[in-house]
Amino acid sequence: MTDEPDIPLSAEELAERKMRFLFSLRSKGITDARTLGAMERIDRGQFVKGLFADRAYEDMPLPIACGQTISQPSVVALMTQALAVGPRDTVLEVGTGSGYQAAVLSCLSRRVYTVDRHRRLVREAEALFSRLGLPNITAISGDGSRGLPDQAPFDRIIVTAAAEDPPGPLLSQLKIGGIMVVPVGQSDAVQSLIRVTRTQEGFDYEELRSVRFVPLVEGLAAD
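As a starting point, this report considers the structure included with it. Predicted model, so just to flag it, every value in this text is computed and none were measured.

## Structural notes on the nonpolar core
Then, in step 1: Leu25, Met39, Phe47, Tyr100 and Phe129 are the most contacted members of the largest nonpolar core, which has 47 residues in total.
Then, in step 2: Sorting the residues of this core by element identifies helix H1 (11-27), helix H2 (33-41), helix H3 (73-83), helix H4 (100-106), helix H5 (119-132), strand S5 (137-141) and strand S7 (174-184) as the ones contributing at least two each.
Then, in step 3: Per-element accounting of this core gives the leading share, 7 residues, to H3.
Then, in step 4: The residues touching leucine 25, leaving out its near neighbours within four places in the chain, are Ile30, Leu36, Met39, Pro73, Ser74 and Ala77.
Then, in step 5: Core analysis: the next-biggest nonpolar cluster, separate from the first, contains 16 residues, Val94, Val159, Val182 and Val184 among them.

## Quick word on H3
Then, in step 1: Where burial is concerned, most of H3 is hidden: 10 out of the 11 residues are buried.
Then, in step 2: Taken together, the buried positions of H3 are Pro73, Ser74, Val75, Val76, Ala77, Leu78, Met79, Thr80, Ala82 and Leu83.

## Thoughts on the sheet that holds strand S6 (residues 154-159)
Then, in step 1: Taken in spatial order, the 7 strands line up as S5-S4-S3-S6-S7-S8-S9 in an open sheet, and their pairing is mixed. Looking at strand neighbours, the two that pair on one side only are S5 and strand S9 (203-211), the edges of this open sheet. Adjacent strand axes in the sheet meet at a mean angle of 15° when their direction is disregarded.
Then, in step 2: Both strand S3 (residues 90-94) and S6 contribute to a ladder of 4 bridges, which runs parallel. From the neighbouring strand, leucine 92 faces S6, where its bridge partner is isoleucine 157.
Then, in step 3: Strand contacts of H3: S6, S7, strand S8 (191-198) and S9, with the helix running at about 160° to S7, the strand carrying the most contacts.
Then, in step 4: Against the sheet, H5 makes contact with strand S4 (111-116) and S5, and its axis sits at roughly 165° relative to S5, the strand it touches most.

## With respect to the pattern of salt bridges
Where charged atoms of side chains with opposite charge meet at close range, the side chains can pair.
Then, in step 1: In the structure shown here, the tally under the stated rule is 9 salt bridges.
Then, in step 2: Here aspartate 89 ties to arginine 156 by a salt bridge, and the two come within 3.9 Å at their closest N and O atoms. One end of the pair, aspartate 89, is in the loop between H3 and S3; the other, arginine 156, is in strand S6, with 67 residues separating them in the sequence.
Then, in step 3: Close ionic contact of arginine 120 with glutamate 124 constitutes a salt bridge, the shortest N to O distance being 2.9 Å. Linking arginine 120 with glutamate 124, this pair stays in helix H5, spanning 4 residues, or about one helical turn.

## Examining the pairing of S8
Then, in step 1: Note: S7 against S8, 6 bridges, orientation antiparallel. By the bridge assignment, valine 181 is partnered in S8 with arginine 195.
Then, in step 2: Sheet topology note: the S8/S9 ladder contains 8 bridges and is antiparallel. When the sheet's bridge partners are listed, arginine 198 is paired in S9 with phenylalanine 203.

## A word on the environment of glutamate 126
Then, in step 1: For glutamate 126, the location among the structural elements is in helix H5.
Then, in step 2: By relative accessible area, which is 39% here, glutamate 126 ends up partly exposed.
Then, in step 3: Sequence spacing of glutamate 126 and serine 98 is 28 residues, and the spatial spacing of their C-alpha atoms is 9.9 Å.

## Side note on the packing of H1 against H2
Then, in step 1: For the pair H1 and H2, interaxial distance at closest approach is 10 Å and the crossing angle is 145°. The two elements H1 and H2 cross, and the hand of that crossing is right-handed. Within the contact between the two elements, H1 uses Lys18, Phe21, Leu22, Leu25 and Arg26 and H2 uses Leu36, Met39 and Glu40.
Then, in step 2: For the contact of H1 with H2, the residue count by class is 5 nonpolar, no polar and 3 charged.

Cut-offs used in this document
- Residues numbered from 1 in each chain as written.
- Predicted model: local features only at pLDDT ≥ 70, side-chain atom pairs only at ≥ 80, totals over all residues.
- Heavy atoms only, no water.
- Core = buried A, V, L, I, M, F, W, Y, C linked by side-chain atoms within 4.5 Å.
- Buried < 20%, exposed > 50% of the residue type's maximum accessible area, 1.4 Å probe, protein only.
- Helix = DSSP H or I, 4+ residues; strand = E, 2+ residues; numbered from the N terminus.
- Contact = heavy atoms within 4.5 Å.
- Pairing = 2+ DSSP bridges.
- Axes fitted to C-alpha atoms, helices over the stretch in contact; angles between N-to-C directions.
- Salt bridge = Lys/Arg side-chain N within 4 Å of Asp/Glu carboxyl O.
- Left-handed = near helix turned anticlockwise from the far one by under 90°.
- Nonpolar A, V, L, I, M, F, W, Y, C, P; charged D, E, K, R; others polar.

Below, the structure written as structure tokens:
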């Protein structure tokens, strides 16, 4: 006996699933219209493969290649909303992962630079960005903890891996008036999502919520 083939969802079913997805985000405190619009435009299902593909629209983190994860949609949306990205902004993302967060940010900004220590993830994300028609994303294999000094300063910086403290090299690459969102804390404990705003006098810190991310690791990976 063979398995039944997957039956594509109808237009009505797709619309209902998208409506439930957006309602879930609103119920988690996502109110910014531009953020919701970007989350609606970028289909998370394109970024989840294999056994977990049918769970792409659930509000939960899922495993991806190289021992990494794709964050749950409500956290992606929260971090995006907290960044308050403008249409003329240049954004640095540390931790490309599946490419989902970078794709969402590309809908809101002028340019997104995304860096990951895993070459495989960067290659796969680049192919997906091309297929989705997102030309304003530049994906780079490198040590994201050092940022991209050649492209600095940045209007916005987002870190999708947890550091013990906001990394100094990244803080130095943030423009005056710029915002960085970063999870901070020990890798084996619940971390705090922090919004850092650079001012003329220094840095202002605001704690947003508890989160759990993979640790920020220096250097390039073998894969």
